[in-house]
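Remarks on the overall topology
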Amino acid sequence: MKYVIRKLVTMIITLMAVSALVFISFQLIPGNPAISRLGTEATPEKIARLTHELGLDRPLLTRYFEWIKGIFRWDFGMSYSYNQSVTSLISDKLVITLMLSFIAILITVLVSFPLGIYAARKSDTKLDVVINSLNQFIMAVPSFFSGILITLIFGVILRIFTPGAFVSYKINMFKCISYLIFPAIAIALPKISMVVKLLKDTCLQEAKKDYVRTAYSRGNRTKAVFYKHVLKNAMVPVITFLSMTFADIIAGSIIVEQVFSVPGLGRLLLTSISGRDYPVCEAIILFLAFFVVFSNLLVDLFYRVLDPRIRV
Amino acid sequence: MNLFKKGLSLLLLSATLTVALCGCGGDKADDSSQITIGIPQDLEESLDPHYAVAAGTKEILFNIFEGLVKPDKNGDLNPAVADSYTISEDGLTYTFHLRKGVKFHDGSAVTAEDVLYCIEKNADTSAGDANISAFSNIKNYYADGENIVIELNVKDPDFLEYMTMAIIPAGNTDAATNPIGTGPYKYVSRTPQENIILEAFDDYYGEKANIKNVTLKIVADADSVVMNLLGGSVDLYARISSTQVAQLANSDFNILEGTMNLVQALYLNNNVEPFNDVRVRQALSYAVDPKEIIDLAFDGKGTEIGSSMFPAFGKYYIDETKDYYEVDLDKAKELLTEAGYPDGFSFAIKVPSNYQPHIDTAQVIVEQLKKINVDAKIELVEWDSWLSDVYAGRDFAATVVGVDASTMTARAMLERFTSDSSKNFVNFASDAYDAEFAAAISATDIDEQTEHYKECEWILTKESANVYLQDLAEFVALNKKYTGYEFYPIYVMDIAKLKLAE
C-alpha cells in the first residue's frame, strides 16, 4: 500500500512539473494569440484590447495559479478559438482518440499473440526466416507512411472505405468504428511486429531455462510445457510492453489522425498550436502526459501482481 | 416488349446503383441537393461577420450575410438589402432605399432599425477605434421612412465599398455563436475541426441557392486533399496546387482555372541595409525573372505583374509595369557596384512555412540571385511568427508572400505604402507617393482619381519598392456532378451559384 501511495505522489509531482513546463514554454514561443486572431488587420490598439480581453496582460504567475486552481475543478479555461470551454471541446475529441487507440491495441493483441506464438513454435523452420524478415520490414515503416498506403489501396483503389468520410460516433457508432479501423491498422502494424518479435524471443529464452527441462523430465509433452509454463512466463515482459505502448499509441495517433482526417485530439493539438490557442494546447499536452504517467504506474503495479519475484 | 425491357433494365440499374451507393457507406440520402466542400482551416472563433478577419472565414460568411450592397463576380457593387441608392452631387450624402420583403434567417423582416444598429456597432468609438475605420468619417446617419441616410464629413469615393457591411438583426449580440443574416444560405451548425453545415434559405429575396445542403468539411492536412477528392468525400476544393492538379488528371473532377487576385512579390524591408538603397532594390528587380519562376515552379500558370495591383482591378491595373525591368544581369551588377556592393551581399528571405507556392518561388529566386553574387537564404517561419515578427514587428530583410485586397478598391491595395500607414510592413517611404495618394483620395473626378492611383503604381515600380512577381493561378477541383463555380476578384466562394450538372 505504501508503494502505491509513493507512486501516486510521484505521479502528481511529475504532472505538476509538466504543467509548469508547458505553461511557461507557451509564453516563450514566438507569436501571440491576439496577433494570431487579428491577422493582418492588427493595429496596436486592437492587439492591446484583445490581449486585455483574453486576460493575457496579467502577471504570469497569477495566470498559472488560476489555471491550476481551475484544473482541480475540472475547468481548463475557455478556448480562444472556439468560444467554448476547453473541457467540452477536448472531451469530445478525447473520446475519438481513445476509441482509435483501443481499436489499435485490440488489433495488436488479436494479431500479434497468435502470430508470436506460432513464430516461437516454428522457430527452427524455414518459415521463421520469412516471418523474421517480414517483421523487420514492417517495423521499419512509419505509421504515417503505411497510413498513406492504406488510404491509397483500400480507399482509392479498392474503395472499401471513403478517405476523409469520418462520421462522428454521436451520429453513427458503427460507421465511426468501421472508419477508425483503417487508421488503427496503420498504428497497429509496427506494434504488431514488435510484439511478435518480443513474444518469440522471450519464449525461446524461457525454453532454455532449467524449469523447462524439469517439466520435460516429468513426462510432459511439448505442447503442455509450452502453454502451461513457457508462455506464462514469457507474457510478463510482453504485457509490460503493451501497457507502455498504450501511452505511446495515444501520443502517436496525432500523426495518423492527420493522414486519415480523423478529428481527434491530435488534429486539435496541431491547429491550436499554430493558432496559439494556449488553453487548448496546454490541456491536451497535460492529458497526454497524464496517460504516459498513468500507464507507467499501471505497469509498475502490474509487475507486482503478475510476478511475485519483483516484490522485493 | 421493348418498353418493358427498357423499364426492367432501368429498374435493375437503379437497384444496383442504390446498392452500390449504400455499399459506399456514404450518407448522401439525396445526392441532388447536397455538396461537400473542403476547406483548409476551421473558421474563426467568432462567426460575427463584423469581427471576422481571416480570409478563409470571410469567404464562407459571404454566403450567409449581405450588406446594403453586395459585390458580384466582376467586383461591381449591386444593390442587395437596399434595392437602390443615390449619392448626392457633392458626394457627402448617401441615401439607401430598403428592399421590401427581405427577411432574416430567423424569419423576421429587415427594418431600418437593424441597419442603424449595424452602423452604430461598427462606428462605435467607445472602446478605441471604430471597428470599420472608414466609419469615423460619418457625420450623421438616420432613417427616413424606408430610407437610410448617411452623411459624411469629407468625401470618400470608396465609401460605398464599406456598405457591404453585413446586416444583422438589431440586438443580435450573440452573433459569434448564433449568426443570423439575409444571405442565400443560413447557418445550421458547426463542429470544431470537423465541419460547418449550411442550408439554403427558402425565403431569400433574390435568386435562390440551387443546392440545398452544404457541408463545409475541414481538410486540415494538405496531403490528404487529393485522397479525399478521389475517394469521394469532398466534391469541391478551391486553391489546389499544380501538383495536385496533375494527380487529379483523368478523374471525376473538372479543374477550373482562375487567378488568386493577389500580388505575390519578394517584399523588401525598405528600412534595413542594403534595401534602403533604391539601387540595390532595382538590381534585384533586374536579376529576378518572374517568367522563369512561373515556368519552373508553377507549370507556366500565373500572370506576371509589375506593381502592387493585379489584373482583376481592370481600369486601375497597368500592364506595362511588368515590362519595366527586363532581366539584365549586367545592369544589375552595375547598380550593385554603384551602391557599394561590387561583391554582392547576403540576406535572409523569411517565408511562411505553410504556403508551399511561396516557398517554391523563394527557391527559384535564390538561384536567380546567385547570378549577381547575391547570397539569399530561405528561412522558414511559422505563419504565426510571420504575423508577429514580419508583419507586425517588421523584423525582416525580405519575405515572399501574396498581398490581397480586403475590399475591391485601389485604396485597399495602395494605402499600405503611404509612409505612415500601420500596414506598411515594408517601410516604403516616398514623399512623391504620399502626395499622389493624397491627391487620389481627395480627387472629385473618377478619371482624375484613377490617374493618381496609376501614378502611385508607377512610383512603386520605379522605386522598386518590392520585387514584383505574379498573380498566382488558382485551381479549383469540382466534381463533374456539379457546375456553376464562379471566380470573384475578391476572396469569396459563391456557393449559391453552384448547381448540378445537366
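Residues numbered from 1 in each chain as written. Chains lettered and ligands numbered in written order. Predicted model: local features only at pLDDT ≥ 70, side-chain atom pairs only at ≥ 80, totals over all residues. Heavy atoms only, no water.

When the domains of chain A are assigned, the result is domain 1 (2–75) and domain 2 (92–275). Each of domain 1 of chain A and domain 2 of chain A has a C-alpha centre, and these two points are 36 Å apart. (Domains from an automatic or database assignment.)

The subject of this paragraph is helix H3 (residues 44–53) of chain A. Residues and elements named next belong to chain A. Within H3, burial applies to Ile47, Leu50 and Thr51. Seen end-on, H3 carries its buried residues on one side only, within an arc spanning 105°. Exposed residues pointing more than 90 degrees away from the buried face of H3 are listed as His52 and Glu53. Its buried side turned inward, H3 meets helix H2 (33–38). Directly beyond the C-terminal end of H3, a positive phi value near 75° is found at Gly55. (Buried < 20%, exposed > 50% of the residue type's maximum accessible area, 1.4 Å probe, protein only. Helix = DSSP H or I, 4+ residues; strand = E, 2+ residues; numbered from the N terminus. Arc of directions from axis to C-beta. Contact = heavy atoms within 4.5 Å.)

The next point concerns a positive patch on the surface. Taken together, the side chains of Arg121, Lys122, Arg221 and Lys223 of chain A present a region of like positive charge at the surface. Turning to its location among the elements, Lys122 of chain A is positioned in the loop between helix H5 (86–121) and helix H6 (126–140). (Patch = residues over 30% accessible without salt bridge, like charges linked within 9 Å, V, L, I, M, F, W, Y side chains within 5 Å. Areas by Shrake-Rupley, 256 points an atom, 1.4 Å probe, with all protein chains shown as cover. Salt bridge = Lys/Arg side-chain N within 4 Å of Asp/Glu carboxyl O. Lys, Arg positive; Asp, Glu negative; His and termini not counted. Charge placed at Lys NZ, Arg CZ, Asp CG, Glu CD.)

For the rest of this paragraph, the subject is the pattern of salt bridges. All names here are of chain B. One pass over the full model with this rule turns up 28 salt bridges over all chains. Of the charged contacts in the structure, one is a salt bridge between Glu59 and Arg239, with a shortest N-O distance of 2.2 Å. Placement of the pair is Glu59 in helix H2 (residues 55–61) and Arg239 in strand E11 (residues 236–240), with a sequence separation of 180 residues. Take Glu59: its relative accessible area is 3%, and that puts it in the buried class. As a salt-bridge pair, Lys377 and Asp375 come within 3.2 Å of each other at their nearest N and O atoms. Under the relative-accessibility criterion, Asp375 is labelled partly exposed at 32%.

In this section: the domain arrangement of chain B. All names here are of chain B. Here chain B is described as being made up of domain 1 (2–11 + 262–473), domain 2 (30–63 + 177–259 + 477–500) and domain 3 (69–164). Relative to domain 3, the C-alpha centre of domain 1 lies at a distance of 34 Å. If you look at the interface, domain 1 gives nine residues, while domain 3 gives six residues. For the pair domain 1 and domain 3, the summed buried surface comes to about 700 Å²; carbon and sulfur atoms form 48% of the total. By the criterion of area lost to domain 3, the three top residues of domain 1 are Met408, Thr409 and Arg411, representing 48% of everything that side buries. Scanning the region where domain 1 abuts domain 3 turns up one salt bridge. (Buried area = accessible area lost by both parts, 1.4 Å probe.)

Turning our eyes to something else, we now look at the sheet that holds strand E5 (residues 93–98) of chain B. Residues and elements named next belong to chain B. Spatial ordering of the open sheet is given by E4-E5-E7-E6, a layout of four strands whose pairing is antiparallel. The sheet is open, and its two borders are formed by strand E4 (82–87) and strand E6 (138–144), each paired with just one other strand. Taken over all neighbouring pairs, the strand axes of this sheet differ in orientation by 15° on average, direction set aside. Strand direction decides the pairing type here: E5 and strand E7 (residues 147–152), joined by five bridges, are antiparallel. Bridge pairing in E7 links His97 to Asn147. (Pairing = 2+ DSSP bridges. Axes fitted to C-alpha atoms, helices over the stretch in contact; angles between N-to-C directions.)

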